[in-house]
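Chain and residue survey
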Amino acid sequence: GWRPPEIPSSLAWFLIFVCIYMCECVNSATKKPRKSPADKGRSESGARGASRGRANGHPQQNGEGDPVTLFEVVKLGKSAMQSVVDDWIESYKQDRDIALLDLINFFIQCSGCRGTVRIEMFRNMQNAEIIRKMTEEFDEDSGDYPLTMPGPQWKKFRSNFCEFIGVLIRQCQYSIIYDEYMMDTVISLLTGLSDSQVRAFRHTSTLAAMKLMTALVNVALNLSIHQDNTQRQYEAERNKMIGKRANERLELLLQKRKELQENQDEIENMMNSIFKGIFVHRYRDAIAEIRAVCIEEIGVWMKMYSDAFLNDSYLKYVGWTLHDRQGEVRLKCLKALQSLYTNRELFPKLELFTNRFKDRIVSMTLDKEYDVAVEAIRLVTLILHGSEEALSNEDCENVYHLVYSAHRPVAVAAGEFLHKKLFSRHDPQAEEALAKRRGRNSPNGNLIRMLVLFFLESELHEHAAYLVDSLWESSQELLKDWECMTELLLEEPVQGEEAMSDRQESALIELMVCTIRQAAEAHPPVGRGTGKRVLTAKERKTQIDDRNKLTEHFIIALPMLLSKYSADAEKVANLLQIPQYFDLEIYSTGRMEKHLDALLKQIKFVVEKHVESDVLEACSKTYSILCSEEYTIQNRVDIAHSQLIDEFVDRFNHSVEDLLQEGEEADDDDIYNVLSTLKRLTSFHNAHDLTKWDLFSNCYRLLRTGIEHGAMPEQIVVQALQCSHYSILWQLVKITEGSPSKAFMLLCDLLMIFSHQLMTGGREGLQPLVFNPDSGLQSELLSFVMDHVFIDQDDENQSMEGDEEDEANKIEALHKRRNLLAAFSKLIIYDIVDMHAAADIFKHYMKYYNDYGDIIKETLSKTRQIDKIQCAKTLILSLQQLFNELVQEQGPNLDRTSAHVSGIKELARRFALTFGLDQIKTREAVATLHKDGIEFAFKYQNQKGQDYPPPNLAFLEVLIMLRKFLTEQMMERREDVWLPLISYRNSLVTGGEDDRMSVNSGSSSRNTVPHVSRNVSVILNVLFLDESLEGSWLNRNENIHTPGTLQPPQLTSTVLRENTRQMGEQIQEHESEQGSEQDFLHKRGLMEDDAEPIFEDVMMSSRGQLEDMNEEFEDTMVIDLPPSRNRRERAELRPDFFDSAAIIEDDSGFGMPMF
């Protein structure tokens, strides 16, 4: 067959190079030069196709009302974000100007601005002019900001917003982002918006830019990986023998590597633009949330692409921001660092940063914000895990003591640190060898000894429960090794092992009892947490298993421990707490009655041996628990208990007879026999009903003898009195089966049942059964509530049985009091008791907020729904009652700075908040409230004459707090007695002006005249336009006037500012004095002893930034992605169009609105 003519190899290579050269020429001719972001705003745009339904930049609705703009689609979140981005890319390919216009309006609308960028604006105006136009159209009074708005519609908007930006870059990473148009437009817009005076613009653009940067970092990382792979393939192909080498493949790999390098340069330029134009300025923004966004994202960059970003040039921003005044920002810093320190491979790059900022991180473990302190402790733990040498002993000790913190998350985090430092075993071979041993020789044996030593060295013995709770989550296996603990206590030390001291044994027993309590109750000790939470099914199962495990173990071990330590009162008192955590059914189901007998025998021996009150009370409580009627062992324990009491009662009776017969000749033995026996019986009488043994008779005989002859020892008198007291109380329990509280609850229920509600539903025939309480009964009910509900804790404790009341009884007592208050409140809500009776309840709202705040608040809400006017009268009546009580206590000349006056004002302020925001609906109620208050203030005349203010004039200061939107006004200094009147007049005039939280940080109504609301005008007429007051004391000072509203401070725009160079120099000088970022940049070293910058609530001016940027960026790094491992020296980079020098030299005016 025919064969093509052979072409010489030299000619073939020549033709290949000619083809490549021609292709490059064609590409360079068709490729548009890269535009500066300043020029993109002048781009022409045409009409858009019907696919988006837009005409001339206006959104159009189709017939079905489907969303037609990016903002609406992202807000609804019904479509997959990738399909949304794909639709936008398709429209961009059809008409990129219209697509970009949609994207620009997306960012504008996400800021809450209702303005729209039109096609003409996009075509003819620069970015700065567009942003200025949008700022003018921004509705600052609306308060609508989609990224932070509440409600289900906006719940996921922020996440959808961030996802959209990430998906957009991901889908465009292979073509569109390199077209030198789309990214320039977006970055330029976001840079301008990030420097706006409108907070919403700054926040939205900064968030978008940071997410955009994160997406670009991911693209750069992928490019780096592809470039390394291409380089590796090229090297492998080039190293082949000449005969096997594919020259065509080499050329393709070279071309691909060159293309990847160009793309990487493009990405570097984009990232430089965002970092220099946005991050460098916004990480120190006046708004904490904006600073937090910047720090959060830079942490992502450093973790995602550590080769490029994990260096001192970027870490310094995180280090500086550790000193931020807002806890939210400090928290983001710590979490960003945690993500870095988690990877141990990154520790070498973090070494200098750790040395520089370690002290600051350790000090943050004591941060006033608990969330920040927790994360700081976790970060210190990660540093310790990566390098134990990084932390000194002093650093560790600063964290150790936090295990005793009352705030549980802080304590748990410190417990993890302690576990990592002291209890983590790092020798796998030694751990494997020890794992085969059990008991005192097990791996936990030495760790338990270390825990005991740590507990003793901390010298906070009464906080053993806190220490156990702190370690519970991290060292649960160690703390539940009760077998090892008991062996350490019972067994003799082996040869060569040091025996535990008496102090160590006491500490170990105390810790062991705390671990038993924690396992059995499954909740933190008192003082940690807000109360018992509901356990999950898994936690409940774990609790049951632990309780069974400890019961089975200590049923056998406890009698032996009591036998060994029976002579030590402290140890025995702790050990006797263990039975209360037993599952006592195991005695019967496990056929362990013999161990029960052994326990009862040891308890009896302890009672006979000790007279200390702690030990005796522990024995009494143990008998009480074991005698519970719900268990089958009750009869066996009750017999042993009765026999013990019989023995001591018989001994007591004989010793009393001997003592009384001896009289004054009684010796110490007779006194000791009576005293020791009486102490035991008194301790048991506290928890057990011993009235059938008639201990009262002999106690009375002892007391009567002491009164008649005066020779009775004081200790016997005290014990006899206490025993008699218990006898009387037990008798009262039998006599008074009911209680006044139950009677009160029953009466309230009866009043509810036989109230006028009985006739509702067509039951008018029951009208004869309706009973309405008269004023006398209502007064008695209210008096009962005042006497039994609103009582001080000290009064309650004195009325309780026993010297000390445990926490469970306190909670139960509070629960009963809450029921009493709720029962009476229901009578008020259902109009059975007059509403004015609620004034006595409302006045206790602040004082008893923790106990009854929810009940009182709900009662107030219900009464307001029933009758707003009557509710307002009740509120003002409660304030008047408090004011009268204060006048009776302090006299007419009140100290307006006292805590009592401040409390009444705070209560009034709380009442004001209950009226809601709709002033139209509450107008009459507010006017009634103020009218009654004014009448009360002027009700009585001063005894000195009309020229002197009324005695209740100070009540007007309370009325001032009833203005919800009150702004503090400066006023001229006058006589103190007239200040309430002046202050109240000022609040009425200036309080009418609505104070709304403006989204725009600059005031748009800086010269507005304060106006008076309709509610206030009514009150002003009542107070100041009453002609009957003419010639009275009110006109004593004719020159009394209301000061005008203070002008709000002028907030300076970051876009337009005059004389900004001087301000920029002042700020720069101030920051330089404090050791600012400038100092760091000029020192060119992170590890110098430079002070961190002070974050002021001002932002650098645009022009000041521009003029200082040339100096600032001289030492600021340029993002330069690390070269691939075999990458050659690349050609000179293109000019950086976002470089500060380029901005300043540009005469087009681009630089001014950019920064």
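Conventions we followed
Residues numbered from 1 in each chain as written. Predicted model: local features only at pLDDT ≥ 70, side-chain atom pairs only at ≥ 80, totals over all residues. Heavy atoms only, no water. Helix = DSSP H or I, 4+ residues; strand = E, 2+ residues; numbered from the N terminus. Buried < 20%, exposed > 50% of the residue type's maximum accessible area, 1.4 Å probe, protein only. Areas by Shrake-Rupley, 256 points an atom, 1.4 Å probe, with all protein chains shown as cover. UniProt positions renumbered as here; feature names shortened; annotations may be inferred. Contact = heavy atoms within 4.5 Å. Phe/Tyr/Trp six-rings, centres within 6.5 Å; stacked < 30°, edge-to-face > 60°. Lys NZ or Arg CZ within 6 Å of the ring centre and 35° of its normal. Patch = residues over 30% accessible without salt bridge, like charges linked within 9 Å, V, L, I, M, F, W, Y side chains within 5 Å. Salt bridge = Lys/Arg side-chain N within 4 Å of Asp/Glu carboxyl O. Lys, Arg positive; Asp, Glu negative; His and termini not counted. Charge placed at Lys NZ, Arg CZ, Asp CG, Glu CD. Axes fitted to C-alpha atoms, helices over the stretch in contact; angles between N-to-C directions. Parallel < 35°, antiparallel > 145°, perpendicular 65-115°, else oblique. Left-handed = near helix turned anticlockwise from the far one by under 90°. Expected span 1.5 Å × (residues − 1). Polar contact = N/O pair within 3.5 Å; in protein donor to acceptor, adjacent residues only side chain to side chain. Nonpolar A, V, L, I, M, F, W, Y, C, P; charged D, E, K, R; others polar. Arc of directions from axis to C-beta. pLDDT = per-residue confidence, 0-100. Disulfide = S-S within 2.5 Å.

**As for the overall build of the chain**
Across its full length, the chain carries 50 helices and two strands. For the chain, the proportion of its 1155 residues judged to be buried stands at 48%. Total accessible area on the chain stands at roughly 58200 Å², and carbon and sulfur atoms take up 50% of it.

**Observations regarding the UniProt feature "coiled-coil region" (unreviewed entry) in the chain**
The feature "coiled-coil region" (unreviewed entry), as given by UniProt, occupies residues 243-273 in the numbering adopted here. The straight-line gap between the two end C-alpha atoms of residues 243-273 is 48 Å; of that span, 87% is helix and 0% is strand.

**Examining the side chain of Gln109**
Note on placement: Gln109 falls in helix α4 (residues 96-110). With residues near it in sequence (within four places) discarded, Gln109 still touches Thr69, Phe71 and Pro146.

**Some points on the environment of Lys857**
Position of Lys857 among the secondary structure elements: in helix α39 (residues 849-866). Remark: the alpha-carbon pair of Lys857 and Phe911, spanning 54 residues in sequence, is separated by 9.7 Å.

**A word on unusual backbone geometry**
At Arg591, a residue that is not glycine, the phi angle is positive and equals roughly 55 degrees. One non-glycine residue, Asp831, lies in positive phi territory at about 60 degrees. Here Asp831 is to be found in the loop between α37 (807-829) and α38 (839-842).

**Topic: the environment of Ile876**
Among the secondary structure elements, Ile876 is positioned in helix α40 (residues 868-890). For the pair Ile876 and Phe936, spaced 60 residues apart in sequence, the C-alpha to C-alpha distance is 9.5 Å.

**Points about the packing of aromatic side chains**
Counted according to the given criterion, the structure contains 33 aromatic pairs. Taking the centre distance of 5.9 Å and the plane angle of 40 degrees together, the rings of Tyr848 and Tyr852 count as tilted. Like Tyr852, Tyr848 is buried. Grouped by ring-pair contacts, the aromatic residues Phe275, Phe279, Tyr283, Trp301, Tyr305, Phe309, Tyr314, Tyr317 and Trp320 constitute a single cluster. Here Arg356 stacks its cationic end above the ring of Phe357, 4.7 Å away from the centre of that ring.

**Some words on a negative patch on the surface**
Taken together, the side chains of Asp658, Glu662, Glu664, Glu665, Asp667, Asp668 and Asp669 define an acidic patch exposed on the protein surface. Breaking the negative patch down by element, the ones donating at least two residues are α30 (634-662) and α31 (668-687). Within the fold, Glu664 resides in the loop between α30 and α31. Using a relative accessible area of 71% as the deciding quantity, one classes Glu664 as exposed.

**Comments concerning the packing of helix α23 (residues 482-490) against helix α24 (residues 502-521)**
At a minimum axis separation of 11 Å, α23 and α24 run at an interaxial angle of 155 degrees. By the angle between their directions, the pair α23 and α24 is classed as roughly antiparallel. In the crossing of α23 with α24, the sense of the turn from one axis to the other is left-handed. Here α23 contributes Trp482, Met485, Thr486, Leu488 and Leu489 to the contact with α24, which in turn contributes Glu505, Leu508, Ile509, Met512, Thr515, Ile516 and Ala519.

**Some words on helix α16 (residues 370-386)**
Over its 17 residues, α16 runs 25 Å from end to end, which matches the ideal 24 Å to within 8%, given 1.5 Å per residue. Extensive coverage of α16 is indicated by the burial of 12 of its 17 residues. Residues of α16 that are buried: Val372, Ala373, Val374, Glu375, Ala376, Ile377, Leu379, Val380, Thr381, Ile383, Leu384 and Gly386.

**Things to note about the side chain of His844**
Within the fold, His844 resides in the loop between α38 and α39. Residue His844 is classed as buried on the basis of its relative accessible area of 14%. Reaching out from His844, the side chain makes a polar contact with the backbone oxygen of Asp840 at a distance of 2.7 Å. Not counting residues within four places of it along the chain, the set of residues in contact with His844 comprises Met786, Phe790, Tyr849 and Ile856.

**Thoughts on the packing of helix α28 (residues 593-609) against α30**
Relative to each other, α28 and α30 sit at 20 degrees, their axes nearing to 11 Å. Here α28 lies roughly parallel to α30, going by the angle between them. α28 and α30 meet at a crossing whose hand is right-handed. Every residue of α30 that contacts α28 at Glu593, Leu596, Asp597, Leu600, Lys604, Val607 and Glu608 is listed here: Arg636, Val637, Ala640, Leu644, Glu647 and Phe648. The class makeup of the residues in the contact of α28 with α30 is seven nonpolar, no polar and six charged.

**Digging into the pattern of salt bridges**
Evaluation of the coordinates by the stated rule reveals 28 salt bridges. With a shortest N-O distance of 2.8 Å, Asp854 and Arg818 are connected by a salt bridge. Taken together, the positions of Asp854 in helix α39 and Arg818 in helix α37 put the pair 36 residues apart, joining distant regions of the chain. Residue classification places Arg818 among the partly exposed positions, given a relative accessible area of 22%. In this structure, Lys843 and Glu885 form a salt bridge, with 2.8 Å as the shortest nitrogen-oxygen distance. Within this pair, whereas Lys843 is found in the loop between α38 and α39, its partner Glu885 is found in helix α40, the two being separated by 42 residues in sequence. Residue classification places Glu885 among the partly exposed positions, given a relative accessible area of 40%.

**What about helix α32 (residues 695-709)?**
With 15 residues, α32 should reach 21 Å at 1.5 Å per residue; the first-to-last C-alpha distance of 21 Å fits that figure. Within α32, the full set of buried residues consists of Leu695, Asn698, Cys699, Leu702, Leu703 and Gly706. Buried residues of α32, viewed axially, fall in a sector of 140 degrees; they line one side. For α32, the exposed residues lying more than 90 degrees away from the buried face are Ile707, Glu708 and His709. The first or second residue beyond α32 is Gly710, which carries a positive phi of 70 degrees.

**Description of the confidence of the model for the chain**
Averaged over all residues, the pLDDT of the chain is 75; the fraction at 70 or higher stands at 73%. Segment residues 1-8 is flagged for pLDDT under 50; beyond a separation of four residues in sequence, or across chains, it makes one contact in the model. Across residues 24-65, confidence stays below pLDDT 50; counting only partners more than four residues off in sequence or on other chains, it has 87 contacts.

**Observations concerning the state of the cysteines**
Going through the model one piece at a time under the given rule, you end up with zero disulfides. Sulfur of Cys723: no disulfide; nearest cysteine sulfur belongs to Cys699 and is 3.7 Å away.

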